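# A structural walkthrough
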Amino acid sequence: MEMIDLEAPDLHQARLRRVVSLVRSSGARRVLDLGCGSGGLLQYLLREPQFERVVGLELSGELLAQAKLRLEDLPAARAGRLELVCGSYADVHPALVGFEAAAMVETIEHVPPEALSRVERAVFAGLRPQLLVMTTPNHEYNPLFDMPPGEFRDPDHKFEWDRARFRDWALGVARRNGYRVRFSGIGEMDDHLGQPTQVACFTPVCDGSEKSGH
C-alpha cells in the first residue's frame, strides 16, 4: 500500500530509504516485500546488488500489474532477481518461508483489527524471516499535517496507532513468536508528538527464550 495523500513525498522516500538501509545492513540476500503495492520499495531494493532474490507479494492484481510495468525493464528484473506474487500476507506461503529479510511498509494499518492475529500467524509463525522491518503511521503526529481529530492519513486505513499502542502490539507479537523488537522512527521529530512514521525491527531470539528487546 502506498497511498500517502496527506504526507510529504520526501517522507515517503525517506521511509523507503530507511527500510532498504536496515535490510542491507542485516546482510540479507533474499528479501520479501509484503504488501508491495505498485513497487516503490521493490524499485529501491533492485538497485542493490546485494539482494539476489527480491519477491513482492500483493493481493491487489491492479497494483501488482502496475508494479510489473514499473519494474519489468530494470536490469535486475531482466536478470531474474525479481518475482511478483499475487496473494495475501495473511495466508501461508510455503515457498516464501525462511527469507533473510522481509518488509511491511505502511501495510499493517490496512488490516482489519479482527484479522491481525491471522497476519501474525502467517508472517511471524509461518514465514519467520530473520529480519522484519515494519513501518506504520504515528497517529499522534497527525495534527501536524493539519488533520482534524480522528481522521486517518488514508481512507483505506482501518486504524492508526499511537506510539504506546504500536509498542504494546509489537512487543506482544515478538513475545508470542520468539522474536525481539526494536523501535525507531522516520521524519521530523516533535518533542511531544514524536515522528510521523513508526518503525519496528523484529529479529528472532537466538536462544529460543521468549524475551523482547527495546
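Residues numbered from 1 in each chain as written. Predicted model: local features only at pLDDT ≥ 70, side-chain atom pairs only at ≥ 80, totals over all residues. Heavy atoms only, no water.

## Some remarks on the pattern of salt bridges
Heads up, the rule is: Salt bridges are defined by distance alone: a side-chain nitrogen of Lys or Arg within 4 Å of a carboxyl oxygen of Asp or Glu. Labels follow the DSSP assignment, with helices taken as runs of H or I lasting at least four residues and strands as runs of E lasting at least two, numbered in each case from the N terminus. Summary of the burial criterion: residues with accessible area below 20% of their type's maximum are buried, those above 50% are exposed, and those between are partly exposed, where the area comes from a 1.4 Å probe applied to protein chains only.
Here the structure, examined in full by the defined rule, presents 11 salt bridges. Between R24 and E48 there is a salt bridge, with the nearest N and O atoms lying 3.0 Å from each other. Here R24, found in helix α1 (residues 9–25), pairs with E48, found in the loop between α2 (40–46) and β2 (53–58); they are 24 residues apart in sequence, far enough to count as distant. The partner of D73 in a salt bridge is R78, and the shortest N-O contact between them spans 2.9 Å. By relative accessible area, D73 is classed as exposed at 55%. Residue classification places R78 among the exposed positions, given a relative accessible area of 62%.

## Looking at unusual backbone geometry
Even without being glycine, R128 reaches a positive phi, approximately 45°. Topologically, R128 is positioned in the loop between α5 (116–127) and β5 (132–137). Residue classification places R128 among the partly exposed positions, given a relative accessible area of 30%. Positive phi outside glycine occurs at D146, with the angle close to 60°. With respect to the secondary-structure elements, D146 resides in the loop between β5 and α6 (163–177). Of the residues examined, D146 reaches a relative accessible area of 72% and is grouped as exposed.

## Description of the pairing of β5
Defined as follows: The pairing criterion for strands is at least two bridges between them, as found by DSSP. When the strands point away from the viewer and the connection leading from the first strand across the helix to the second strand turns clockwise, the crossover is called right-handed.
Across the 6 residues that make up β5, a large majority, 6, are buried. Here β5 shows two buried faces, one formed by L132, M134 and T136 and the other by V133, T135 and P137. Two elements, strand β4 (residues 101–105) and β5, share 4 bridges in a ladder whose sense is parallel. Across the sheet, the residue bridging to A103 is V133, located in β5. Since β4 and β5 lie parallel, the crossover through α5 that links them has a hand, and here it is right-handed. Here 6 bridges tie β5 to strand β7 (residues 197–204), and the two strands are oriented antiparallel to one another. Residue pairing across strands places P137 opposite T197, the latter belonging to β7.

## Concerning helix α3 (residues 61–71)
Each α-helix winds once per 3.6 residues, and so residues spaced three or four apart point in a common direction. Going by this rule: To obtain the arc, one takes the directions from the helix axis to the C-beta atoms. We call two residues in contact when some of their heavy atoms are within 4.5 Å.
Three or more residues of α3 are buried, namely L64, A67 and L71. Summarising the axial view, the buried residues of α3 lie within an arc of 55°, below the 170-degree limit, and thus occupy one face. Facing away from the buried side of α3 by over 90 degrees, the exposed positions are E62 and L69. Looking at the buried residues of α3, the elements they touch are α2, β2, α4 (75–78) and β3 (82–86).

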